[in-house]
Amino acid sequence: MKRLHFLRNWKRILAWTSLIVGLVGVGIFIYTTMLADLPPISELEQRVVRPTTRILDRNGRLLYEILDPNAGKQYNLALAAQSRYGIDGAPDFCVEATIATEDSRFFLHPGVDPVAIARAFWQNFRAGGDIVSGGSTLTQQVARGLLMEPAERYDQSYARKIREAWLALQIEWHYSKTEILQFYLNQTYYGNFAFGLQAASEIFFAKPAAQLSQGECALLAGLIQYPFGYNPYTDPDAAKLRQRTVLRLMRDAGYINEAEVETIYADPLRYRSRLFDIEAPHFVVYVQDQLLAQLGQERLRDGGLEVRTTLDLNLQRQAEDIVDRRLEQLNCRIDDVPGQPARPAAACRQDTRERRVRNAAAVVLDADTGDVLTMVGSPDYFDAEIQGSVNAALSQRQPGSAIKPFTYAAALDPNWSIAAGLSAPMTPATILPDLPTAFPGGRGQDLQSVTNEDRFAQGAYTPKNYDLRYHGPVTVREALANSYNIPAVYTLQQVGVPTMQRLATQAGISSFTGEYGLALTLGGGEVSLLDLTKAYAVFPRQGERLETRAILEIRDVDGVSLWQAPTRAEDVQSPVISPEAAYLITDILSDPVARIPAFGEGSVLTLPFPAAAKTGTTTDWRDNWTMGYSSERVVGVWVGNADNQPMQGISGIDGAGPIWRDLMLTAHPDDPPAFRRPARLVATTICAASGLLPTPECPRTRQEIFIAGTQPTRPDDQFQRIAVDSATGLRATDATPTERIVERVYRVLGPEYADWMAAQGLPQPPPACPPGQRCDVDAARLALATADSPQGLVLGAPVGASAYAIHPGVPADRQRIRAAGYVADGNRWHSLRLVADGETVLEAQNTARLDGWWTLAPGEHTFWIEGEIEADSPTARSASAMIVVE
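Here the structure is a predicted model, which means the values were calculated and not measured. (Residues numbered from 1 in each chain as written. Predicted model: local features only at pLDDT ≥ 70, side-chain atom pairs only at ≥ 80, totals over all residues. Heavy atoms only, no water.)

Visitor: Account for the environment of Asp368, naming residues and giving values.
Guide: Locating Asp368 in the fold gives a position in the loop between strand 6 (359-366) and strand 7 (372-376). Take Asp368: its relative accessible area is 43%, and that puts it in the partly exposed class. Remark: the alpha-carbon pair of Asp368 and Glu547, spanning 179 residues in sequence, is separated by 9.6 Å. (Helix = DSSP H or I, 4+ residues; strand = E, 2+ residues; numbered from the N terminus. Buried < 20%, exposed > 50% of the residue type's maximum accessible area, 1.4 Å probe, protein only.)

Visitor: A description of the side chain of Glu704 should follow, citing residues and the corresponding values.
Guide: Structurally, Glu704 can be placed in strand 16 (residues 701-707). With relative accessibility at 1%, the residue Glu704 sits in the buried group. Side chain to side chain, Glu704 and Arg477 meet in a polar contact 2.7 Å long. At 2.7 Å, the side chain of Glu704 and the side chain of Arg702 are in polar contact. (Polar contact = N/O pair within 3.5 Å; in protein donor to acceptor, adjacent residues only side chain to side chain.)

Visitor: Give a detailed account of the sheet that holds strand 2 (residues 62-66), specifying residues and quantitative values.
Guide: Pairing within the open sheet is mixed, and its five strands lie in the order 2-1-5-10-11. The open sheet has two free edges, formed respectively by strand 2 and strand 11 (561-564), since each of these has just one partner strand. Strand after strand, the sheet turns through a mean of 15° between neighbouring axes, direction not considered. Bridge count for strand 1 (residues 53-56) against strand 5 (residues 306-309) is three bridges, and the pairing is parallel. Residue pairing for strand 5: Arg54 is matched across the bridge by Glu306. Lying on the sheet, helix 12 (residues 281-295) is in contact with strand 1, strand 2, strand 5, strand 10 (551-555) and strand 11; it crosses strand 10 at an angle near 60°. (Pairing = 2+ DSSP bridges. Axes fitted to C-alpha atoms, helices over the stretch in contact; angles between N-to-C directions. Contact = heavy atoms within 4.5 Å.)

Visitor: Summarise helix 9 (residues 214-223); cite the residues concerned and give the values.
Guide: Summarising burial for helix 9: nine of the 10 residues are buried, a large majority. Turning to helix 9, its buried residues number three or more, namely Gly215, Glu216, Cys217, Ala218, Leu219, Leu220, Ala221, Gly222 and Leu223. The inward-facing, buried residues of helix 9 abut helix 2 (92-102), strand 3 (189-191), helix 8 (197-205), helix 10 (236-252) and helix 11 (258-266).

Visitor: Go over the pairing of strand 7 with me, naming the residues and quoting the values.
Guide: Most of strand 7 is tucked away, with five of its five residues classed as buried. Pairing between strand 6 and strand 7: four bridges, direction antiparallel. Following the sheet pairing, Ala362 is matched in strand 7 by Val376. Following strand 6, the chain reverses through five residues before pairing antiparallel with strand 7; Gly370 in that reversal takes a positive phi of roughly 85°.

Visitor: Run through the packing of aromatic side chains, naming residues and quoting values.
Guide: Following the criterion strictly, the structure yields 20 aromatic pairs and no others. Ring geometry for Tyr85 and Phe107: centres 6.2 Å apart, planes at 25°, overall stacked. With a gap of 22 residues between them, Tyr85 in the loop between strand 2 and helix 2 and Phe107 in the loop between helix 2 and helix 3 (114-126) connect regions that are remote in the sequence. Judged by its relative accessible area of 13%, Tyr85 is buried. (Phe/Tyr/Trp six-rings, centres within 6.5 Å; stacked < 30°, edge-to-face > 60°.)

Visitor: Tell me about the packing of helix 14 (residues 313-330) against helix 25 (residues 656-667), and name the residues and values.
Guide: Two elements in contact, helix 14 and helix 25, have axes separated by 10 Å at closest approach and are oriented at 155°. Accordingly, the angle class assigned to the pair helix 14 and helix 25 is roughly antiparallel. Here helix 14 runs over helix 25; the crossing is right-handed. Counting all contacts with helix 14, which are made through Leu315, Gln318, Ala319, Ile322, Val323 and Arg326, the residues of helix 25 involved are Pro658, Ile659, Asp662, Leu663, Thr666 and Ala667. Its residues assigned to classes, the contact of helix 14 with helix 25 comprises eight nonpolar, two polar and two charged. (Parallel < 35°, antiparallel > 145°, perpendicular 65-115°, else oblique. Left-handed = near helix turned anticlockwise from the far one by under 90°. Nonpolar A, V, L, I, M, F, W, Y, C, P; charged D, E, K, R; others polar.)

Visitor: Give me the lowdown on the side chain of Glu172, citing residues and values where you can.
Guide: With respect to the helices and strands, the residue Glu172 is situated in helix 6 (residues 158-174). A residue is classified by how much of its surface remains accessible, and Glu172, at 15% relative accessible area, is buried. Looking at Glu172, its side chain comes within polar contact range of the side chain of Thr139, at 2.7 Å. Once you skip the residues sitting within four places of it in the chain, Glu172 turns out to touch Phe106, His109, Pro110, Gly111, Thr139, Lys177 and Ile180.

As C-alpha cells, then:
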C-alpha cells in the first residue's frame, strides 16, 4: 500500500517536472527565435535623437530641412514632480486628452492591456482574420516607435505584436508611468513635421505647449491617429470633427462632462505658423503628407531622408511675387505693375469700395509629366489674419463656370454623348437656346411636359447669365467661349448629370461623389484647385488623364535610392475623352474672337502664343477662378478669402485672370508649340448664326471645325427671303402691284424665340392679308395697331417669368434691369408709354421705340407697353410680362 502511494507521488512529481521543463523549453524557444534579437531597453533614450531629412526642389536646392525636434531643449518636455502627471510644460488637459484617445486604461495595465487585446482579437476575427485592430497601448506605441526597426514597424502580423508586447512589458518594468508618458509626448508624430507635443504646439499654434487651451489640446490629441487626414491646414473641417470625437472620449473617460464638451468645442481655433526657414511652405507640407502616406510616420520620424521634389524654386518664387503684386493692385494699394496689364490708376482712385479680397492660390503643372512645378497656397503662409497657413490649393471650393468645359466635352465626344442618349454628338456649331428657362429638377424630365410658366411657378431651377441678359440662339462655341449659363444647363440636361459627373471624375476631380442637380455645371459641386488644374490637362493631352506627382526621388542617409518616380508610360490607359473632342474644347477656349461679346477684345486671357482659358465666378462672389493651359503647361488660379467671406464685385477675369496671365507668361520663357490637331477633324464653311450650310440669304459665314461625319449637310433655313407689300407691310399677294413689292430677308426662328426677337427689335415675317378682308394701306395699319394683334406693340424687356435677386453688397441705384418696347412694323406712333405696375416708367411722342432702365424693387411686378397710333386713336396695349424680385 505504501509502495503504491509512493509510485503515485512519483508520477505526479514527474508530470509537473515535465510540464515545467516543457514550458521553460517553449519559453526558451520563443525567446531565442522571436525575442532575443530585440534591442535592450537601455537604448530607448538614445534612439530619440534622429538625423535630419532634407526636402529639395527639382534642381537640388534646399526647400526645408526637417530637424530632429527633440535635439533642441525648447522641444523637450521634462519631468516635474509638481505637475499632476509629472511632465513639465504639458497641460494636464493635453495629457488627459491623449490618454482618453489613445489608451484610456493606461494607468491600469502593465504595458499590455488584456481588455484591449481581447477587443482587438474579436474585431480581427469578425474581419475574417485580417488585422484591423491592434489594441496597442501607449507603452507599446513607444516600444514600436523607438526600439523596433522601421521595416518591422509596418508588419501587420501577430509575431510583431508579440515582440512589441515583450518590449512594452520591459519598459513598464524599467520606467514609471510618468516617464513613459514623457517618452510618448516627446516622440509622437502630430503632422506638419511636428514630432512631440512641444513641436506640435509651436507649429500649429505658435506657442509653447504650456500655454495650450483645452480646445487646442483636444485637437492635437486627435491628430495622432491620422495626421494626414486630420491636418487642419489642409482640411480644417475634418480636424474640427476629430476634436469633437476626442472631447467625447474624454467625457466617456470621466475627465469632463457633456456641458464642457460643448463649451470647449464652441471655442474657435486660431491656427498659426511657427516662423522657420522654409521655401514654398504649402508645397513642403503637401510633400510631407505624401511621404507620410508612402513611407509611414515611423519611417518619416526616423529622418535621414533626402527628398528631391518636382518644384521649380525659381518659378515658385516668381509665382509668389505675382500673387502678392496682383493682390496689392486689386486692392488698390499699388496703381500698376510695370510691364503688365493693370487697372488704371484713376480707376483705383475713383473706386473707394472695400474690395475684400485677401487670398489667392496658384498651381502650375507640367502637361507632359504631371510634375507640380509651382504651388502657392496663399499670399503669406505666416499671416494668421488671412489664415495663410491653410493651403487654398487643396481646399474644397465651388468652381463656378470653370467646370463648364467638362459638360461640353461630354456633349461633343461621340462616345459620351451617345451613351448619354443623344442621337448624335453636339458640334461647335450646334444651336443652343439662351432664353428664360425653368428647368425641371430631375434628370431626364421632358422639357415640354409642362409650360415654362408652370415650371417657374413650381419653383424649378431658373439659372441666369452673368450679364443678366439673354442671347437667343447661340452656338456651342459662343456659349462656352462667353460662359453663358443657360446653354450650359441645357447641355447638361441633355447629357445628364451622372454622365458629366463620371467624366469629370475620370479626368481627375476626386470630390464629385455626392448627388447633384443641374447646377453642377455652374459650380454646384466643390473641387480643389489642384484637382481642377489636373483635370484641365485632359484637353492639351488629347483626352488622356494626367497623373500629378510632387516627388521625384527619395534617398536614405547613405545616398541609396529608396524610391524613384516611374517614367511616364505611353498609352497605359484609355483616354477620358476622344482626342477630337479634347481639341474642340481647346479650340473654343483659345478663340479670342468668339469670347469678345463677354470679355472684350484684347482681354487678359489673350496671350502671344496659343493658349486656352476659362474663368469662373460664384454668384455670391466668394470664389473666382481662371484655368488654362498651353501645350506644355497647365495653370490654375483661385482668388477669394480663406474664411469664405464674399468679395466685393471681383470676377474671374478681374481677380484670377491677371495672375493667370502673368503665370502663363512666366512659365513659358519660350513660346510653346501649337496644340496638336487630330487628323479626324474637318473644316467646313457654315452660316455663322445657324450653324448650317450657307445660302445666299445668310448674312455672315465663317469656318468651323467638326469631327468627321458630324459636319452639317442641310442648307440654312433660318434666313428666308419674303416678298412684302411696302405700302401695307403685309406679305405681297398676286394682286399686289409690282411697284409695291419689296423682297426682304427675315430671320425665322421657332416660337420659343418670339419674345427674344421682340426684345432685340428683330422684325418677324409679316402676315398675309386674310382672305375676304380689305387690306389697303389705312386698314392694314389700323389692324396692326389693335391690342389683339401680335403685330402691334411689343414688350421687349423684361422677359416674363424671370426672377432677379437684389445683391446686398451693390448700391441700390446700380441694381437695374432693362425695360424696352417698340412698334412691330417700325412706323412712328403718336405716343408710347412703358408701364410697370400701372405706373409709367418711360414715355415719348412721335416714336417707334422706348428703351431705358428700371430699378429693382422686391416683389412681383407686371410690365407692358401701350400707346396711340394717332392723337385720336384708341389706346393699344401689348402683352404683359410678370417678373419676381427677391
